[in-house]
Structures are given as C-alpha cells and as structure tokens.
Amino acid sequence: MFTLKVDHEIELQVLQQHHAMKLFQLIDANRAHLREWLPWVDNVQSPFDIEGLTTLWLNQFAENSAYNLGIIFKGELVGAIGIHQIDWYNKMASFGYYLVKNAEGHGIISRSVKALLNYAYFELGLNRIEIRCGAKNTKSRAIPERLGFVMEGTIRDGELLNGYYHDIILYSMLAREWNAMPRLI
C-alpha cells in the first residue's frame, strides 16, 4: 500500500483497517484538543466509526480521488494528512491535516505538507493546492503562511463548528510558485 517517506523521522501511510484502533485511541485521547477545530470529531465514538471511514478512504484511494494518510513519527501514528477533493480536470485539490497535542512543536506538519506538495505537483501533476483553516486557528494557519501559500481571502461563516459558524481562511499554492521557491523552506 502507498507510503511516502518524508524524512528520517516521518512517513505517511494510507490509512487502513489495521490503523483503526490506534487512530480511534488517538482521537479519543485528544478529543478536546481536536474538536476545537475539527467538526467531525464528535461523530467518532468507537473504533467501528474509524473502520467504516477506512473503507471509504481506501475506496477513494483506489478511485484516485483522495489520499487519506496517517502521519507516522518515529514509528508512532500521531495524526493524519490528506489530499482531498482531487479535481483531475482542473488539476487541483485541497490538503487537510491534524496532529495530536503531544506531537506538536516538532515541525511534523510542515515537513509532511512539503513532502505532500512535492508528490502532488511532481508525481500527480496537480497545478493548484488549497488549504483552508479556521480564521482563529493560528497554529494551522502558520503552516501555509510559513510555506509561502497565498492567502486568497475569507470564507465568511464557512464552517459549522460546535454549534457556531466560523470564518475560514483560504490559502493556495500553484505548481509554478512551488517550483520557484528555494528548497531550503
């Protein structure tokens, strides 16, 4: 199954049935942390919920319409990242990501997004990648800002989260912009 080696500490793996229990445990142990910005967390109440999702994710992978990947840091599953809503006609997609609390501060998401950008542009031939973040989610917004994405604007009341609408910031990166960047990022 698909694995993308990011560096000596991180690899990204397609999430499968054998990840379900560990992924559920991570979500359950980090529920308060994750639900602050992820509207789906409350719907994950058992490992069976994850097992159903992994079936969907594997079908999306087989159809080449999405990549739902576990982030493995030093041999442990610590979060997820994905290429979502792949539009092959327009050669665009969106990225999403999350990380458990105790894995923050190691550059895991930044390194993973960079590797996934390289894969999306150079292997899949995509032209545009979007990242959408809650307007007040400073940690998530720091990733596209640090990597040189362009902030295109605000999607007002763009997501219902914990019973309230909140604004979403839309960022994008084009293949030509990524190619023009120094690889020191």
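This text goes with the structure placed above it.
Please read these numbers as outputs of a predicted model, since none were measured by experiment.

Quick word on unusual backbone geometry
A positive phi angle is found at Q85, which is not glycine, with a value near 50°. Structurally, Q85 can be placed in strand 4 (residues 76-87). Exposure remark for Q85: the relative accessible area of 65% places this residue in the exposed category. Of note, the phi angle at N162 is positive, near 55°, even though the residue is not glycine. With respect to the element layout, N162 can be found in the loop between strand 7 (150-161) and strand 8 (164-174). Judged by relative accessible area, which is 33%, N162 ranks as partly exposed.

Section: the pairing of strand 3 (residues 67-73)
The buried fraction of strand 3 amounts to seven of the seven residues, a majority that puts the element mostly inside the structure. Side chains Y67, L69, I71 and F73 of strand 3 all project onto a buried face; the interleaved residues N68, G70 and I72 project onto the opposite face, where all are buried too. Where strand 2 (residues 10-14) meets strand 3, five bridges bridge the pair, whose relative direction is antiparallel. Its bridge partner being in strand 3, Q13 is matched across the sheet by G70. The sheet contact formed by strand 3 and strand 4 spans seven bridges and is antiparallel. Each residue of the ladder has a partner; that of N68, found in strand 4, is G82.

Cut-offs applied
- Residues numbered from 1 in each chain as written.
- Predicted model: local features only at pLDDT ≥ 70, side-chain atom pairs only at ≥ 80, totals over all residues.
- Heavy atoms only, no water.
- Helix = DSSP H or I, 4+ residues; strand = E, 2+ residues; numbered from the N terminus.
- Buried < 20%, exposed > 50% of the residue type's maximum accessible area, 1.4 Å probe, protein only.
- Pairing = 2+ DSSP bridges.

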